Structure formats: structure tokens, C-alpha cells
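Listed below are the residues making up each chain.
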Amino acid sequence: MSVLQAESVVRGGVRPGVRIPVVVHAADPISRAGAVSQLKQCAAVRLAEEPSPGPGAVAVMLAETVDATVTATLRRLVRGGEVRVVLVVERMREAELLEAVECGVAAILWRREATAPRLGQAVLAAARGDGDLPADLLGRLIVQMGRLQRSVQGLPGFTPPGISERESDILRLVAEGWDTAEIASKLSYSERTVKNVLHGLTTRLHLRNRAHAVAHALREGYI
């Protein structure tokens, strides 16, 4: 395991020396073989087989786009909360991006950018419970949420529910791509405090992960 991978695993609370079980889902054997080959280069990963990779596993799903079949598979994979999902996709429209995030996808990669280091980074982020989106997708998500927010705020009787200032500050930094350690340093909190705030927020609002929390916060006008 590289120094960067080791630090990431320890910082995220995943025990050092314990490899992350990963299951690969793809519509065709060539795509699956390619992803498996890339993941074998990541020392922090242990390739597993369905149907029961166990709690803490990460599912890497390859798709051309997010159609109805892919959406149904994503919902099945995240049901129960034991498996985190990394979606590697060729193309995606704004509505499909929102759909994927609301399904509970933890990380999204463009297929053209899914090198072994980048795919390993996404798997580690998913295993830690962090979100991982390419900068262009994050920008599109923010734009989409802004449109939805303005639409909802225009409805008669709309009153946005509140969240605490601390939750808002943390979510804003999550939306900007900061990880737990960076947020803790920026706001002078401990990493445990940041994790507890995010866990409390996602539990209270019945959200799946950090990416879903950011999408929800933007939609409701929290940030």
C-alpha cells in the first residue's frame, strides 16, 4: 500500500492492514475485466464475489449512462446501507446525476478518467463514507440544485426548514470537495466532531451519504 493510501485508510477509520472488499458490476465481460485489472493495482482492495461481500464492501458499477436498469441496480446495491457504491459512467445528464446521488451513490467517475490510482481513490473515499465527484459533475450538481431550489422557493407557502450554523458550514465545505481532515482543520473542530455532525445530519434527514446530504442541502436552500 502506498503512503497516501495508508494515510487515507487510517484517517478514515478503516483498520490498517484490512483490505476493502470490492465487487465489480458491468454489463459486459470486457468492461468488468478492465475494472478488475485496474483494481488489482490497488493494495488496499480485495476483490470479492457476489452475492454476499459483507458489511463495509464497496460496489464498483460500470455503465454507459444512468438508465432505468442502472438506477434499479443502484437502489438494490445500497439497500440496507451495508454497501457503498462507486459509479463509473461514460456520460450523464443533470437529471441522471441527481438520480444517482439520491440513489445513494458515494462516488462518481468518468470512464475516461478511471485510471487505477483514481479508481482506488474513489473506492477509499466510498469506504470512508466520503463523497467523491469530478469537479465538473459537482458544478453541474450545484447548478441543478440551484434550479430546483428556486423552483421550490417560488411555491406558495414555502418555508425552508433550518439546520444549525455548524451543519451548514460543514456541508458547504463538503460541497467544495474538502475531506474530513481538511474540514476539521478549517473550522478548528476535531475529525470526530465533523463525522458526528455529518452522521447526525444524515440520520435526522434520512439521507444516504455525504453526496446526498449536499444535494439535499442545496435543494432545500440550506447552503
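As a reminder, the structure under discussion sits directly above these lines.
Reading the values: rules and limits
Residues numbered from 1 in each chain as written. Predicted model: local features only at pLDDT ≥ 70, side-chain atom pairs only at ≥ 80, totals over all residues. Heavy atoms only, no water. Phe/Tyr/Trp six-rings, centres within 6.5 Å; stacked < 30°, edge-to-face > 60°. Lys NZ or Arg CZ within 6 Å of the ring centre and 35° of its normal. Pairing = 2+ DSSP bridges. Helix = DSSP H or I, 4+ residues; strand = E, 2+ residues; numbered from the N terminus. Axes fitted to C-alpha atoms, helices over the stretch in contact; angles between N-to-C directions. Contact = heavy atoms within 4.5 Å. Parallel < 35°, antiparallel > 145°, perpendicular 65-115°, else oblique. Left-handed = near helix turned anticlockwise from the far one by under 90°. Nonpolar A, V, L, I, M, F, W, Y, C, P; charged D, E, K, R; others polar. Buried < 20%, exposed > 50% of the residue type's maximum accessible area, 1.4 Å probe, protein only. Core = buried A, V, L, I, M, F, W, Y, C linked by side-chain atoms within 4.5 Å. Expected span 1.5 Å × (residues − 1).

Q: Could you clarify how one ought to interpret the packing of aromatic side chains in this entry?
A: For any two aromatic rings, the description comes down to two numbers: the centre-to-centre distance and the angle of the planes. In the structure shown here, the tally under the stated rule is 0 aromatic pairs. When the ring centre of Tyr189 is taken as origin, the NZ or CZ atom of Arg166, which lies over that ring, is 5.8 Å away.

Q: Where do I start with the sheet that holds strand 1 (residues 20–25) in this structure?
A: Across a sheet, paired strands are connected by hydrogen bonds in the backbone, their directions being either parallel or antiparallel. Taken in spatial order, the 5 strands of this open sheet run 2-1-3-4-5, and their pairing is parallel. At either end of the open sheet lies a strand with only one pairing partner, and these are strand 2 (45–47) and strand 5 (107–110). Shown here is a sheet whose adjacent strand axes are inclined to one another by a mean of 30°, direction ignored. Here strand 1 runs beside strand 2; their pairing, made up of 3 bridges, is parallel. If you follow Val22 over to strand 2, its bridge partner there is Leu47. Packing against the sheet, helix 2 (residues 29–39) makes contact with strand 1, strand 2 and strand 3 (58–63), and its axis sits at approximately 160° to strand 1. Strands strand 1, strand 3 and strand 4 (84–89) of the sheet are contacted by helix 3 (residues 68–78), whose axis makes an angle of about 180° with strand 3.

Q: Help me understand the packing of helix 3 against helix 4 (residues 94–103) in this model?
A: Each pair of packed helices can be summarised by the angle the axes make with each other and by the distance between the axes. Where helix 3 meets helix 4, the axes come as close as 9 Å, and the angle between the chain directions of the two elements is 20°. Judged on the interaxial angle alone, helix 4 and helix 3 are roughly parallel. Crossing of helix 3 against helix 4: the hand is right-handed. Side by side, helix 3 and helix 4 meet where Thr71, Leu74, Arg75 and Val78 of the first sit next to Glu99, Ala100, Glu102 and Cys103 of the second. Classifying every residue of the contact of helix 3 with helix 4 by side-chain character gives 4 nonpolar, 1 polar and 3 charged.

Q: Would you take a moment to explain the packing of helix 7 (residues 165–175) against helix 9 (residues 191–204) for this structure?
A: Packing of helix 7 against helix 9 brings their axes to within 10 Å, and their N-to-C directions diverge by 100°. One way to sum up the angle between helix 7 and helix 9 is to call them roughly perpendicular. Packed against helix 7, whose contacting residues are Arg166, Glu167, Ile170, Leu171 and Val174, the element helix 9 presents Thr193, Val194, Val197, Leu198, Leu201 and Arg204 at the interface. Here the contact of helix 7 with helix 9 is built from residues that sort into 7 nonpolar, 1 polar and 3 charged.

Q: Honestly, the pairing of strand 3 in this entry has me stumped. Any pointers?
A: For a regular strand, the rule is simple: side chains alternate between the two faces of the sheet. The buried fraction of strand 3 is high, at 6 of 6 residues. Alternating positions in strand 3 separate into two faces, Val58, Val60 and Leu62 on one and Ala59, Met61 and Ala63 on the other, with burial throughout. Both strand 1 and strand 3 contribute to a ladder of 4 bridges, which runs parallel. By the bridge assignment, Val24 is partnered in strand 3 with Val60. Of the pairings in the sheet, the one linking strand 3 to strand 4 comprises 6 bridges and is parallel in character. When the bridges of strand 4 are listed, Leu62 appears paired with Val88.

Q: When you look at the nonpolar core in this model, what are you seeing that I'm missing?
A: Inside soluble globular proteins, nonpolar side chains tend to come together where they are buried. Core analysis: the largest hydrophobic core is formed by 25 residues, its most contacted members being Leu74, Val85, Leu87, Val89, Met92, Val105 and Ile108. Among the secondary structure elements, those contributing two or more residues to this core are strand 3, helix 3, strand 4, helix 4, strand 5 and helix 10 (210–220). Top element by residues in this core is helix 4. It accounts for 5 residues. For Ile108, the contacting residues outside a window of four places in its chain are Leu87, Val89, Met92, Leu97, Ala100, Asp132, Leu133, Pro134 and Leu137. Within the second largest apolar cluster, 24 residues are counted, among which are Leu62, Leu109, Leu119 and Ala122.

Q: How should I be thinking about helix 5 (residues 116–128) in this particular structure?
A: Along an α-helix, residues three or four positions apart point the same way, because every turn accommodates 3.6 residues. Taking 1.5 Å as the rise per residue, helix 5 with 13 residues should run 18 Å; its terminal C-alpha atoms sit 18 Å apart, in good agreement. For helix 5, a buried count of 10 out of 13 residues is recorded, marking the element as mostly surrounded by other parts of the structure. When we look at burial in helix 5, the residues that qualify are Ala116, Arg118, Leu119, Gly120, Ala122, Val123, Leu124, Ala125, Ala126 and Ala127. Downstream of helix 5 by a residue or two, Gly129 has a phi angle that is positive, lying close to 90°.

What is shown is where atoms sit, not what they do.
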